[in-house]
Amino acid sequence: MTRVSELMTRGVRTLSPSDTVALAAQAMDELDIGAIPVCDGQRLLGMVTDRDIVLRVVAQTRPLDTALSEVMSKDVKWCSENDNVETVMDEMAGYQVRRMPVVDRGRRLVGMLSLGDTAAKGDIGKAGDTLNIISQPAEPDRSGQSAASGPTGGGSS
C-alpha cells in the first residue's frame, strides 16, 4: 500500500487570506500552477484556483486587489500523509479534483498530492483512470446565463 507521504509534493507555496487576487495570479504564472492553498500561518483555510479567479473576479468585474478570502474555495477536500493513495485517488475522482492538500492532525498544510504526482511517482494506470472520471463532462447550469454565453454553435454566421 502506497501512502500519500511517499508521492506528495512538499514545500508548497501558500498565500494568506488577505493577499490579493493579483498576487495569486502572479504566483500561479511564475510557478506554472493552477491552484494555491490559502493558509492562516500553516493552517489550511481554503484554495484559490485559476478558475476561481476567472469566475469570481474577472466575470464579476471585481478589482484585482480583492482579498483571497472573498474569492477562494472554502470547502476544501484534503487528505492526510498516512492515507492510502488509491483511496485518495478514488476521493479525487468523486470530488472531481485534480489535486488535494495534505494536512497533518492539526490541519496544518504539509504538502499537495496531484494527479501528476501519482502518475510520475506511482500508478500511471490508476492516475489515468482517475483523470478519465474527473474529465467527464457535466451538464452545465444554464439557469443564470448572461449575454456572454451567446448562442451555441461554431462561431459567428
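Owing to the predicted nature of the structure, the values given are computational and were not obtained by experimental measurement. (Residues numbered from 1 in each chain as written. Predicted model: local features only at pLDDT ≥ 70, side-chain atom pairs only at ≥ 80, totals over all residues. Heavy atoms only, no water.)

**Q** Is there a simple way to think about helix H3 (residues 50-58) in this case?
**A** Every α-helix winds through 3.6 residues per turn, so residues three or four apart in the chain are directed the same way. Every buried residue of H3 is accounted for by Asp52, Ile53 and Val57. Seen end-on, H3 carries its buried residues on one side only, within an arc spanning 95°. Residues of H3 that are exposed and point over 90 degrees away from its buried face: Arg51 and Val58. (Buried < 20%, exposed > 50% of the residue type's maximum accessible area, 1.4 Å probe, protein only. Helix = DSSP H or I, 4+ residues; strand = E, 2+ residues; numbered from the N terminus. Arc of directions from axis to C-beta.)

**Q** Help me understand the nonpolar core, please; the structure alone is not making it clear to me.
**A** Inside soluble globular proteins, nonpolar side chains tend to come together where they are buried. Of all hydrophobic cores here, the largest spans 13 residues; its most connected members are Val21, Ala24, Ile36, Val48, Ile53 and Leu68. Residue assignment for this core shows that the elements contributing at least two residues are helix H2 (21-31), strand S1 (35-40) and H3. With 4 residues, the top contributor of residues to this core is H2. Each residue touching Val48, except ones within four places of it in the same chain, is listed here: Ala24, Met28, Gly34, Ala35, Ile36, Val38, Ile53, Leu68 and Met72. Of all hydrophobic cores here, the second largest spans 12 residues; its members include Met8, Met89, Met100 and Leu115. (Core = buried A, V, L, I, M, F, W, Y, C linked by side-chain atoms within 4.5 Å. Contact = heavy atoms within 4.5 Å.)

**Q** It is not clear to me how H2 should be interpreted in this structure. Could you clarify?
**A** Considered for burial, the residues of H2 that qualify are Val21, Ala24, Ala27 and Met28. The buried residues of H2 occupy an angular sector of 125° when the element is viewed end-on, so they sit on one face. Residues of H2 that are exposed and point over 90 degrees away from its buried face: Asp29 and Glu30. Asp32 lies just past H2 and shows a positive phi near 55°.

**Q** Any chance you could explain the side chain of Asp52 here in plain terms?
**A** Mapping Asp52 onto the fold places it in helix H3. Accessibility expressed as a relative area gives 7% for Asp52, which makes it buried. Those residues within four positions of Asp52 in sequence are excluded, and the remaining contacts are Met47, Val57, Val71, Met72 and Ser73.

**Q** Looking at this structure, how should I read the confidence of the model for the chain?
**A** Any segment with low pLDDT has predicted coordinates that should not be analysed in fine detail. For the chain, per-residue confidence averages 84 on the pLDDT scale, and residues scoring 70 or more make up 76% of the total. No element of the chain has a lower mean pLDDT than helix H6 (residues 124-134), which averages 57, and none a higher one than H2, which averages 97. (pLDDT = per-residue confidence, 0-100.)

**Q** Looking at this model, I keep getting lost on the side chain of Thr66. Mind explaining?
**A** With respect to the element layout, Thr66 can be found in the loop between H3 and strand S3 (79-80). There is a polar contact of 2.6 Å between the side chain of Thr66 and the backbone oxygen of Pro63. (Polar contact = N/O pair within 3.5 Å; in protein donor to acceptor, adjacent residues only side chain to side chain.)

**Q** Is there a simple way to think about the environment of Ala67 in this case?
**A** Within the secondary structure, Ala67 sits in the loop between H3 and S3. A sequence separation of 51 residues divides Ala67 from Ser16, and the C-alpha atoms of the two residues are 9.0 Å apart. Apart from the residues lying within four places of it in its own chain, the contact partners of Ala67 are Pro17, Ser18 and Asp19.

**Q** For this particular structure, what's the right way to read the packing of H2 against H3?
**A** Each pair of packed helices can be described by the angle between their axes along with the distance between the axes. Interhelical geometry of H2 versus H3 gives an angle of 145° and a closest axis separation of 10 Å. The two elements H2 and H3 meet at a crossing, and its hand is left-handed. Note on element contacts: H3 touches H2 through Asp50, Ile53 and Val57, opposite Val21, Ala24, Ala25 and Met28. Grouping the amino acids of the contact of H2 with H3 by side-chain chemistry returns 6 nonpolar, no polar and 1 charged. (Axes fitted to C-alpha atoms, helices over the stretch in contact; angles between N-to-C directions. Left-handed = near helix turned anticlockwise from the far one by under 90°. Nonpolar A, V, L, I, M, F, W, Y, C, P; charged D, E, K, R; others polar.)

**Q** Sorry, what's going on with the sheet that holds S3 here?
**A** Within a beta sheet, neighbouring strands are joined by backbone hydrogen bonds and run either parallel or antiparallel to one another. Pairing is mixed in the open sheet, where 3 strands are placed in the order S3-S4-S5. At either margin of the open sheet sits one strand with a lone partner, and together these are S3 and strand S5 (109-114). Where strand S4 (residues 99-103) and S5 come together, 5 bridges link them in antiparallel fashion. Across the sheet, residue Pro101 finds its bridge partner in S5, namely Met112. Packing of helix H4 (residues 85-95) onto the sheet brings it into contact with S3, S4 and S5, and relative to S4 it is tilted by some 130°. (Pairing = 2+ DSSP bridges.)

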